[in-house]
Amino acid sequence: MDAPVLLTGASGYIGGRLLRRFERGGRAVRCLARQPSRLNATALATEIVQGDCLDEHSLEYALAGVHTAYYLVHSMGRGANFAAVDRRAAENFARAAQRAAVKRIIYLGGLTDEASSLSAHLKSRVETGEILRGSGVPVVEFRASVVIGSGSLSFEMIQALVERLPVMVCPRWVDTLTQPIAIDDVLTYLEAALDAPQGVEGIFEIGGPEVVSYGDMMRRFARLRGLRRLLLPVPVLTPHLSGLWLALVTPAQARVGRALVEGLKNATVVRSNAAHDTFAIVPTSVEAAFIKAIDDGTGARLKVDTRTVVVDAPPAQAFAPIRRIGGTTGWYFGNALWRARGWVDHWFGGAGMSRGRRDADACAVGDTIDGWTVEAFEPDRRLRLSADLKLPGHGWLEFDVTPVADGQRSMIRQTATFDPRGLLGRVYWYATLPIHNLIFSGLLGRIARRTGDVQGLSDRSVFTYHSLIPRPAADVFRWHERPEALRALLPSTRLVRIERQSGGVEDGACVVLSVGVGPLRMRWEARHYGYLRDRQFCDEQVRGPFRSWRHRHRFEPIGTEQSLYEDRVEYAVPGGRLAQRLAAPILRSLLTRAFARRHRIVRAALAPSLSRDDRP
């Protein structure tokens, strides 16, 4: 087995990511940790040992049998005397590595401008490298400036400042030039040094392909996040005052951040090509590094509202009202609030909530549903909607249905997620929390109740009737679009009357019928949906004798001169499963006769356009 690599600082930002790289690559790693419980090994080849660089004796076992050791520790979080602590830790490690006959130390320090007076932080980084080289063990020292990556202190400082401050009063150091590098490139250099041939040692300055100022980086970050920010340089802000100002805006990073700020007076630009010539690594652009850091950090920014409910229905039944949400079906709860939100959105130039949906009974990725777009769809399992509304950020609404109790019951999880953009985004989220609590709790409750109304296939009957028509599907479809088509397909006008009709067969069109004899008449109102030109249209009972009624008219081309003409009705009668079973034979007989008649009428209506040889 290959000798293990010793990794110090594995609980830190860079060390932790390097450890995961090694584990994915199957490399044997020994991690030195003051508190082993803080590390979580994910590979059998990873060993965690207790030790501290300030305790030289504890380093003996950690370094035993090690060929290469990574030194990725610093003490900036320990307060003002961090430089003395760093010096002592490096001296202990250097002596222990020499005694253990370590063949190489790989160290990550800070990029410096040797011609300028250095800050305490950068002096300490340079001194640490000198101490390690003084051991006689060959050292590969990388020097990097700003590291761009989700979780890095430099990136988090930039993100916090830009996200929280629309106007920034900036000290002179925002004009200091630097050469930032992506975290993935830093890790690639560190990993490449492990396999470098014997004799490769020295100082290697690493950076990205661009030299920019800190102000440039803040402006680029703002642009990528869709934010407008004004930077006002003020020469009187000293590094000390900048540190105090930073503490007000980014308190979590203030202690370490002040030490970094003191070094921002130094330009940190790569002046040697040694790293590129030795390791031949192509660095990532600043913009690409920012984009990846923003994407990787999405989880930390997101505001999430998650609610669950368990319903006494299988997944297909529980998912049915979710699948039909929006459009003519509505949003089940607080429709007036949804409409008001749409009016506000229209006023600001957004999509609003009136776009409807392509099909009231089915959806696919890319479909629009009112003010949303379907981003993910898995039948009977998952629907994720992406908000198209005007928001200071981006929002999603997701529904997941999971079977429980052997599939006889289901858990519905509803998740509202918001990625706030800037200070306004955070204010918006917290200001609308009471309304969101009302709407989202009511929405999930109504969906849960509607699973009982849907009743699944066990409580619903499906009737299908189809025939071949010797005409192209488009011709058959267009015949149904004529205003007089419905009247031609109805039975005796004394039994069924058209009381009101509007909009033809397109989505949202309505028809009101009255069914009965004399004064004993029943009102039947239906609304159209699912319009696909030359292919299908559907209607759904809004009010009428059935508990539910959905009728799909489909026209499928068979070759170029024939079409499959199909009527599919999904219905349920009042009274539950027993009533449904008793009524099914009678209704099936009535529907068979009714639709056989309808199909004969359609054939006859299209017959004049057929040639004599085509007629049956």
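As the structure is a computational prediction, the values presented were derived from the model and not from experiment.

Rules of the game
Counting restarts for each chain: residues are numbered from 1 in the order of the written sequence. The predicted nature of this model means local features are confined to residues of pLDDT at least 70 and side-chain atom pairs, given and counted, to a pLDDT of 80 or more, with totals for whole chains, interfaces and linings taken over all residues. Note that the side-chain values use all heavy atoms of the structure and ignore hydrogens as well as water. A helix here means a DSSP run of H or I that spans at least four residues, while a strand means a run of E at least two residues long, and both kinds are numbered starting from the N terminus. In this scheme, a residue with accessible area under 20% of its type's maximum is buried, one over 50% is exposed, and one in between is partly exposed, where area comes from a 1.4 Å probe on protein chains only. Two strands are counted as paired when DSSP detects at least two bridges linking them. Whenever a helix is involved, its axis is fitted only over the stretch in contact; in every case the axis is a line through C-alpha atoms, and angles between N-to-C directions fall within 0 to 180 degrees. Angles below 35 degrees are treated as roughly parallel, those above 145 as roughly antiparallel, those between 65 and 115 as roughly perpendicular, and all remaining angles as oblique. Left-handed describes a crossing whose near helix is turned anticlockwise from the far helix through less than a right angle; right-handed describes the clockwise counterpart. Should any heavy atoms of two residues lie within 4.5 Å, those residues are counted as being in contact. Three classes are used: nonpolar for Ala, Val, Leu, Ile, Met, Phe, Trp, Tyr, Cys and Pro, charged for Asp, Glu, Lys and Arg, and polar for all others, with Gly counted as polar. Whenever a carboxyl oxygen of Asp or Glu lies within 4 Å of a side-chain nitrogen of Lys or Arg, that contact is scored as a salt bridge. Every helix has an expected span of 1.5 Å times one less than the residues it contains. We call a set of buried Ala, Val, Leu, Ile, Met, Phe, Trp, Tyr and Cys residues a nonpolar core when their side-chain atoms join them within 4.5 Å.

**Some thoughts on the environment of Gln35**
Next up, step 1: Along the chain, Gln35 falls in the loop between strand S2 (29-33) and strand S3 (46-50).
Next up, step 2: Taking the relative accessible area as the measure of exposure, Gln35 reaches 46% and is therefore partly exposed.
Next up, step 3: Sequence spacing of Gln35 and Gly51 is 16 residues, and the spatial spacing of their C-alpha atoms is 8.1 Å.

**A word on the sheet that holds strand S1 (residues 5-8)**
Next up, step 1: With respect to topology, 7 strands assemble into an open sheet ordered S3-S2-S1-S4-S5-S6-S11, the strand pairing being parallel. Either end of the sheet is taken by a strand with one partner, and the two such strands are S3 and strand S11 (202-206). Strand-to-strand twist in this sheet, taken as the mean axis angle between neighbours without regard to direction, amounts to 20°.
Next up, step 2: Sheet topology places S1 next to strand S4 (residues 68-71); 2 bridges connect them, and they run parallel. Its bridge partner lying in S4, Leu6 is registered against Ala69.

**A few points about the pairing of strand S17 (residues 382-387)**
For a regular strand, side chains alternate in direction, first toward one face of the sheet and then toward the other.
Next up, step 1: Of all 6 residues that make up S17, 5 are buried, and the element is covered over most of its length.
Next up, step 2: Relative to S17, strand S16 (residues 372-378) runs antiparallel, the two sharing 6 bridges. Across the sheet, residue Trp372 finds its bridge partner in S17, namely Ala387.
Next up, step 3: Counted between consecutive antiparallel strands, the loop separating S16 from S17 contains 3 residues, among which Asp380 sits at a positive phi close to 65°.
Next up, step 4: Bridging between S17 and strand S18 (residues 393-404) involves 5 bridges; their strand directions are antiparallel. From the neighbouring strand, Leu383 faces S18, where its bridge partner is Phe399.
Next up, step 5: In this structure, the hairpin formed by S17 and S18 is closed by a connection of 5 residues.

**Re the packing of helix H1 (residues 13-24) against helix H6 (residues 183-194)**
Next up, step 1: It is the contact of H1 with H6, at a shortest axis distance of 10 Å, that shows an interaxial angle of 60°. Classified by the angle their axes make, H1 and H6 are oblique. Handedness of the H1/H6 crossing: right-handed. The residues of H6 that touch H1, namely those facing Tyr13, Ile14, Arg17, Leu18, Arg21 and Phe22, are Ile183, Asp184, Val186, Leu187, Thr188, Leu190, Glu191 and Leu194.
Next up, step 2: Class assignment of the residues belonging to the contact of H1 with H6 gives a composition of 9 nonpolar, 1 polar and 4 charged.

**Observations regarding unusual backbone geometry**
Next up, step 1: At Ala101, a residue that is not glycine, the phi angle is positive and equals roughly 60°.
Next up, step 2: Tracing the sequence through the fold places Ala101 in the loop between helix H3 (82-99) and strand S5 (104-110).
Next up, step 3: Notably, Asp380 is not glycine yet its phi reads approximately 65°, a positive angle.
Next up, step 4: Among the secondary structure elements, Asp380 is positioned in the loop between S16 and S17.
Next up, step 5: You can call Asp380 partly exposed: its relative accessible area is 31%.

**As for the pattern of salt bridges**
Next up, step 1: Within the structure shown, the criterion is met by 42 salt bridges.
Next up, step 2: One salt-bridge network, held together by shared partners, links Glu378, Arg381, Arg382, Glu398 and Asp400.

**Digging into the sheet that holds strand S14 (residues 303-311)**
Next up, step 1: A sheet is described by the order of its strands in space; here 6 strands give the open sequence S14-S19-S18-S17-S16-S15, paired in antiparallel fashion. Every other strand in the sheet has two partners, leaving S14 and strand S15 (368-369) as the edge strands with one partner each.
Next up, step 2: In terms of strand pairing, S18 meets strand S19 (residues 409-420) through 12 bridges, oriented antiparallel. Paired with His394 across the two strands is Asp419, which belongs to S19.
Next up, step 3: Along the sheet face, helix H13 (residues 315-323) touches S14, S16, S17, S18 and S19 and points at about 160° away from the line of S18.

**Focus: helix H4 (residues 120-133)**
Next up, step 1: The terminal C-alpha atoms of H4 lie 20 Å apart, and with 14 residues this matches the ideal 20 Å at 1.5 Å per residue to within 8%.
Next up, step 2: Of the positions making up H4, those classed as buried are His121, Leu122, Ser124, Arg125, Val126, Thr128, Gly129, Ile131 and Leu132.

**Focus on the nonpolar core**
Next up, step 1: With 35 residues, the main nonpolar core has Ile14, Tyr70, Phe142, Leu190 and Phe279 as its most contacted residues.
Next up, step 2: Looking at this core, the elements with two or more residues in it are S1, H1, S2, S5, strand S6 (139-144), H6, S11 and helix H10 (274-279).
Next up, step 3: When residues in this core are grouped by element, the largest group, 7 residues, is from H6.
Next up, step 4: When residues no more than four places from it in sequence are discounted, the contact partners of Tyr70 are Val5, Leu6, Leu7, Thr8, Leu18, Phe22, Ile106, Leu190, Glu191 and Leu194.

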